[in-house]
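Below, each chain spelled out in residue letters.
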Protein chains: 2
Amino acid sequence: MSSLIERARDRGASAVGWREVPSDDPMIGQDMSRGWDDRQERTRAEVLAAVGDIVAADGLDGLTMRKLAERAGVAVATLYSQFDDRDGVLVAFVSNGLDQLEKELDEQPAAGPIDTTRALFVGLDQTIGATVDVWRPVLAAVKSGPGIDSMGAVGDRIVNSIENDLAKAAADGMFIAECDTGRLARHLFMQRMHILERWAHGSIDWDQYRTMSDLSVELSLAAVLIDPYREQAVRSVGIIR
Amino acid sequence: MSSLIERARDRGASAVGWREVPSDDPMIGQDMSRGWDDRQERTRAEVLAAVGDIVAADGLDGLTMRKLAERAGVAVATLYSQFDDRDGVLVAFVSNGLDQLEKELDEQPAAGPIDTTRALFVGLDQTIGATVDVWRPVLAAVKSGPGIDSMGAVGDRIVNSIENDLAKAAADGMFIAECDTGRLARHLFMQRMHILERWAHGSIDWDQYRTMSDLSVELSLAAVLIDPYREQAVRSVGIIR
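In short, a report on the structure. All of these numbers come straight from a predicted model, not from anything done at the bench. (Residues numbered from 1 in each chain as written. Chains lettered and ligands numbered in written order. Predicted model: local features only at pLDDT ≥ 70, side-chain atom pairs only at ≥ 80, totals over all residues. Heavy atoms only, no water.)

Bringing the environment of Ala177 of chain B into the picture now. All names here are of chain B. Within the fold, Ala177 resides in the loop between α9 (152-171) and α10 (181-200). A relative accessible area of 32% places Ala177 in the partly exposed class. Sequence-wise, Ala177 and Leu225 are 48 residues apart; in three dimensions their C-alpha atoms are separated by 9.0 Å. (Helix = DSSP H or I, 4+ residues; strand = E, 2+ residues; numbered from the N terminus. Buried < 20%, exposed > 50% of the residue type's maximum accessible area, 1.4 Å probe, protein only.)

Quick look at the structure:
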């Protein structure tokens, strides 16, 4: 079996192509595709780590597909086949960061409804805040491409996490009436992304981003929370004295 | 007296320089400076109208200080002395638009508290929506310069209008507790400007800007409004069914 995988690798089969290779034994097909996926996953992780290293050292201008391939120890052709182009690399970098965030949150002890959403945003800020020199230019560049809105699957998963949390809050009777939790969840996420984008572009500094974002989140939540949750939310951001 | 003014004009005295000319009779100084201000105001209006014409016809790339001077019928040196640089022209264009908006709102019949703030935002959208081909590139360009945040005096005046309206709402007992109306007013304005900036940069379309902005405003207001105002606000944007 391992020789089959090796042969496939030698042929440079793409993951999609590989999965299409017919096999009489469905188990063999599954194992082979898993092995290939693992390898792709490792390559991807190495490439994305290299993105961070290069941008931290030389800024975003220093990030070329050639330099990235060299640093990650992969062929330039592999980069293009996995990420399409440099923009695709940046989108993957951001998606990967949000992915990591999701995993970390899953490993945290469960908080109550609403507090889970707050923890998610704190985690997001910590992820980005830890390496602002990398995230800032990357987020600014991604924006001119596909945009933070189109963080696609990962963005959707974060919105889903928030929506699940809001649904729990609804089940616990924390809202004034039946809410469109999906719409509210999406708004909370998008609103924060807008302000983050302004930080990435240098319109506001990191502290302003944090203050404005927290204000937006707490006011949006307070709009539908019953007391004492509403009052706590509004008071926490200093709108009520 | 008129000859004095004309001589000052011939000398090309700046408004600031002119006001510094000492006079024994304070009334003469006042009249002279008013005459000069009127003329500057006319020049300014002509220049800003020309900005709109040029950007509508040739896009923002077509807007050069030379072409602008030609179109407005003023000397290039006058442009530089009044606006510092091209960025200064763009900031003045935006400020002027917001100025006009303020005047229009002053002429409207008085609405109740909160509704006045809503009318202000509707007016803003109408101002920009009427000539999106001009506003969009201008707002996008201004951002990379001093930023919408620094709309300075005009931005402050709009925030003050909102704050006055919120103070009336507070006096009418529409809020759940004593609010920091200044902070809330600033947040309402800034939040909308953020989303507007994203539209200017092409991240979202006009309808998305409208929907997101209205959602942000209504949720922020609902956070502190008592019922039935709170419920009306949240229901109007479809968060509560």
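After presenting the structure, the write-up continues.
Once that is clear, we can look at the packing of aromatic side chains. Residue and element names in this part refer to chain A. On inspection of all chains with the given rule, the structure shows six aromatic pairs over all chains. Each ring, one from Trp206 and one from Tyr209, has its centre 5.0 Å from the other, and the planes form 40°; the classification is tilted. In this pair, Trp206 and Tyr209 are both assigned in helix α11 (residues 206-222), three residues apart and thus about one turn of the helix distant. Clustering of aromatic rings is evident, with ring pairs tying together Trp199, Trp206 and Tyr209. (Phe/Tyr/Trp six-rings, centres within 6.5 Å; stacked < 30°, edge-to-face > 60°.)

In this section: the pattern of salt bridges. Under the definition given, this model contains 22 salt bridges over all chains. Across the pair Asp53 of chain A and Arg71 of chain A runs a salt bridge whose closest N-O atoms are separated by 3.7 Å. Of this pair, Asp53 of chain A sits in helix α3 (residues 26-58) while Arg71 of chain A sits in helix α4 (residues 65-72), and the two are 18 residues apart along the sequence. A relative accessible area of 37% means that Asp53 of chain A is categorised as partly exposed. We note a salt bridge from Glu197 of chain A to Arg198 of chain B, for which the minimum N-O separation is 2.6 Å. A residue pair is termed interchain when its members come from two chains, as with Glu197 of chain A in helix α10 (residues 181-200) and Arg198 of chain B in helix α10. Taken together, the shared-partner salt bridges connect Asp125, Arg192, Arg210 and Asp214 of chain A into one network. (Salt bridge = Lys/Arg side-chain N within 4 Å of Asp/Glu carboxyl O.)

Glancing now at the interface of chain A and chain B. Contacts between the two partners involve 36 residues from chain A, matched on the other side by 36 residues from chain B. Summing both partners gives a buried area of about 3,400 Å² for chain A against chain B, and 53% of it is carried by carbon and sulfur. Where chain A touches chain B, the interface holds six salt bridges. Across the salt bridge formed by Arg241 of chain B and Asp180 of chain A, the nearest N and O atoms sit 3.6 Å from each other. (Contact = heavy atoms within 4.5 Å. Buried area = accessible area lost by both parts, 1.4 Å probe.)

Bear in mind that shape data such as this cannot, by itself, settle questions of function.
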